[in-house]
Amino acid sequence: MTRKILVLPGDGIGPEITAQASRVLAACQARGLDVEVEEALVGGTAYDAHGEPLPAETLAKAEGARAILLGAVGGPQWDTIEDLSKRPEKGLLGLRKNLGLFGNLRPAILYPQLAEASSLKPDVVSGLDIMIVRELTGGIYFGQPRGIEERDGERVGYNTYVYSESEIERIGRVAFEMAQKRGKKLCSVDKANVLEVTILWREVMERLAPEYPDVELSHMYVDNAAMQLVRAPKQFDVIVTGNMFGDILSDAAAMLTGSIGMLPSASLNQSGQGMYEPCHGSAPDIAGQNIANPLATILSVAMMLRYSLDEPALAERIEAAVGKVLDDGLRTADIAYPGTRQVSTSEMGDAVLAAFEAL
Ligand code: NAI
Ligand code: MG
């Protein structure tokens, strides 16, 4: 059966970068990838057209798709929407929740051609290749009860940090399997010295470990993990952690590479259905100028081919094409430095396509 891919360009630079990624997807179709591609609205653009950041039609298409490619959502013109449930970000959260996308894969890779972009010394980061596996549909961002209320004459805000054993186990399995395919090292990050929920987290990870005897499991408190990521990031292979710690650590790890425009991500559910998107946002400051870096979105297509479509050869071909373009010295403005050739969003797309075809 032909699998469906849903492209959701979204807001800001979203349409510009997904346009380039869609061209790469089309090149894969020309090489035999059997998929049907359609587009729909999400985020602020969907709100403007339908009054909803995640219209029912978009959600229905998403549910029927094997994989979703998302640009980015949000922008200042929607920050004043009073009803928080209508804000663009709710479109993303709604997709994650409705599709049960609990497994967030956030690679932090330092491309050798971009070593100068990192704020860390070359010997500390060169060759960096970390995969952070973040639980995405549970933890303190979703726990009940939550709210702000009056208690003893002052307002109190509260959230609930909760994980069930089954939630921990399923993200644990994603991480152990990922470690098996990579460097066979898994570091589980928690705060088991203070938080009961992460004592349980640690216990479940320990219980799973014997099923993956080839993987070396270690544990680290989140505060130490933050220090270690900056001090000696190459000690890590795969990191697994909960929603909030993962949010923060994955952004920190991403920044070690210095190139937000280069980093893809995947969010998967139990059946391998996934949403793929760049780690960056909608970059309203540069939207509509044809200068955004499309490589994170193009590399998200590679992740899609690997994790949802079982096409590792095409994924590698895209990654190799990106490497070739960087080798050739082509750079969008965000990763340009003296001696490189600055190109636009669409010229970068042209170059990746040419390299993809030439390989
Ligand atoms: P951002 O990632 O959009 O931008 C941060 C900085 O990085 C800006 O200077 C931007 O120009 C630059 N940048 C980002 N992507 C780039 C690319 N591909 N090429 C070149 N430069 C790039 O984060 P910011 O400014 O905090 O948020 C802007 C909007 O995006 C907000 O409305 C925010 O809510 C939304 N956002 C959406 C996300 C998503 O859809 N997953 C994630 C993060 C933010
Ligand atoms: Mg974040």
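Residues numbered from 1 in each chain as written. Chains lettered and ligands numbered in written order. Predicted model: local features only at pLDDT ≥ 70, side-chain atom pairs only at ≥ 80, totals over all residues.

In the nomenclature of an unreviewed UniProt entry, the chain is known as 3-isopropylmalate dehydrogenase of Franzmannia pantelleriensis. According to the UniProt record, the Subunit (unreviewed entry) comment for the chain is "Homodimer." One UniProt comment on the chain, placed under Pathway (unreviewed entry), says "Amino-acid biosynthesis; L-leucine biosynthesis; L-leucine from 3-methyl-2-oxobutanoate: step 3/4." (UniProt positions renumbered as here; feature names shortened; annotations may be inferred.)

Undergrad: What is the right way to read the overall build of the chain from this model?
TA: Counting secondary structure elements, the chain contains twelve helices and 14 strands. If you line up the chain on its principal axes, its C-alpha atoms span 60 × 50 × 45 Å. Buried positions account for 47% of the 359 residues belonging to the chain. (Helix = DSSP H or I, 4+ residues; strand = E, 2+ residues; numbered from the N terminus. Buried ≥ 20, exposed ≤ 12 C-beta atoms within 10 Å, placed from the backbone.)

Undergrad: Would you mind going over helix α11 (residues 312-327) with me for this structure?
TA: Since the α-helix advances by 3.6 residues per turn, residues separated by three or four positions end up pointing in the same direction. Counted at 1.5 Å a residue, the expected span for α11 with its 16 residues is 22 Å, and the 22 Å between its end C-alpha atoms agrees. Of the positions making up α11, those classed as buried are L314, A315, R317, I318, A321, V322, V325 and L326. Tucked inside the fold, the buried residues of α11 contact α1 (14-30), α10 (295-307), β13 (330-331) and α12 (345-358). Count one or two residues on from α11 and you reach G329, which has phi positive near 85 degrees. (Expected span 1.5 Å × (residues − 1). Contact = placed C-beta atoms within 7 Å.)

Undergrad: Please clarify how the nonpolar core should be interpreted in this entry.
TA: Across soluble globular proteins, nonpolar side chains have a tendency to be buried as a group. Formed by 105 residues in total, the largest nonpolar core has its most connected members in I68, L69, V133, A175, I239, V301 and I318. Tallying contributions element by element places α10 first for this core, with ten residues. What A175 contacts, discounting residues up to four positions off in sequence, is V133, L186, V238 and V240. (Core = buried A, V, L, I, M, F, W, Y, C linked by C-beta atoms within 7 Å.)

Undergrad: Teacher, can you tell me more about the site of ligand 1 here?
TA: Neighbouring ligand 1 are 22 residues, the closest being G74, G261, H280, G281 and N293. Taken together, the residues that form the shell around ligand 1 break down as eleven nonpolar, seven polar and four charged. (Near = placed C-beta within 6 Å. Nonpolar A, V, L, I, M, F, W, Y, C, P; charged D, E, K, R; others polar.)

Undergrad: Which parts of the structure should I look at to understand helix α9 (residues 243-256)?
TA: Taking 1.5 Å per residue, 14 residues should reach 20 Å; α9 reaches 20 Å between its end C-alpha atoms and fits that length. In the core, the buried residues of α9 are packed alongside β4 (103-109), α5 (122-125), β5 (129-135), β8 (185-190), α8 (222-231) and β10 (238-241). Once α9 finishes, G258 follows within two positions and takes phi at roughly 75 degrees, a positive value.

Undergrad: Would you explain the UniProt feature "binding site: Mg(2+)" (unreviewed entry) in the chain in this entry?
TA: According to UniProt, the feature "binding site: Mg(2+)" (unreviewed entry) maps to D223, D247 and D251 in the numbering used here. If you trace the backbone, D247 turns up in helix α9. Assessed through the 18 C-beta atoms surrounding it within 10 Å, D247 is described here as partly exposed.

Undergrad: Would you mind showing me how to read the sheet that holds β4 here?
TA: Sheet strands associate in pairs through backbone hydrogen bonding, adopting either a parallel or an antiparallel arrangement. If you trace the ten strands from one edge of the open sheet to the other, you get β2-β1-β3-β12-β11-β4-β5-β10-β8-β9, paired in mixed fashion. Each edge of the open sheet carries a strand with a single partner, namely β2 (35-39) and β9 (216-221). This sheet shows a mean twist of 20 degrees between the axes of neighbouring strands, independent of strand direction. Sheet topology places β4 next to strand β11 (residues 264-268); three bridges connect them, and they run antiparallel. Among the inter-strand pairings, G103 is bridged to a residue of β11, identified as L268. The sheet strands contacting helix α6 (residues 165-181) are β4, β5, β8 and β10, and the helix crosses β5 at an angle near 165 degrees. (Pairing = 2+ DSSP bridges. Axes fitted to C-alpha atoms, helices over the stretch in contact; angles between N-to-C directions.)

Undergrad: I'm lost on unusual backbone geometry in this one. Help?
TA: Excluding glycine, most residues fall at negative phi; most peptide bonds, likewise, are trans. The step from Q144 to P145 runs through a cis peptide bond, and the omega angle for that step is 0 degrees. Looking at the secondary structure, you find P145 in the loop between β5 and β6 (147-151). Positive phi outside glycine occurs at D310, with the angle close to 55 degrees. With respect to the element layout, D310 can be found in the loop between α10 and α11.

Undergrad: Help me understand the pairing of β2, please; the structure alone is not making it clear to me.
TA: Regular strands place their side chains on alternate faces of the sheet. Where strand β1 (residues 3-10) and β2 come together, five bridges link them in parallel fashion. Note that in β2 the partner of R3 across the bridge is V35. For the handedness criterion, the β-α-β arrangement of β1, α1 and β2 is classed as right-handed. (Right-handed = clockwise from strand over helix to strand, strands pointing away.)

Undergrad: I tried to follow the pairing of β9 on my own but got confused; where do I start?
TA: Sheet topology note: the β8/β9 ladder contains six bridges and is parallel. Bridge assignment links C187 to a residue of β9, and that residue is S218. Taken together, β8, helix α7 (residues 196-208) and β9 constitute a β-α-β crossover, and its handedness is right-handed.

Undergrad: What should I look at first to understand the environment of C28 in this one?
TA: Within the secondary structure, C28 is located in helix α1. C28 sits 289 residues away from R317 along the chain, and the two C-alpha atoms are 9.6 Å apart. Apart from residues no more than four positions distant in its own chain, C28 is found in contact with L33, L305 and L314.

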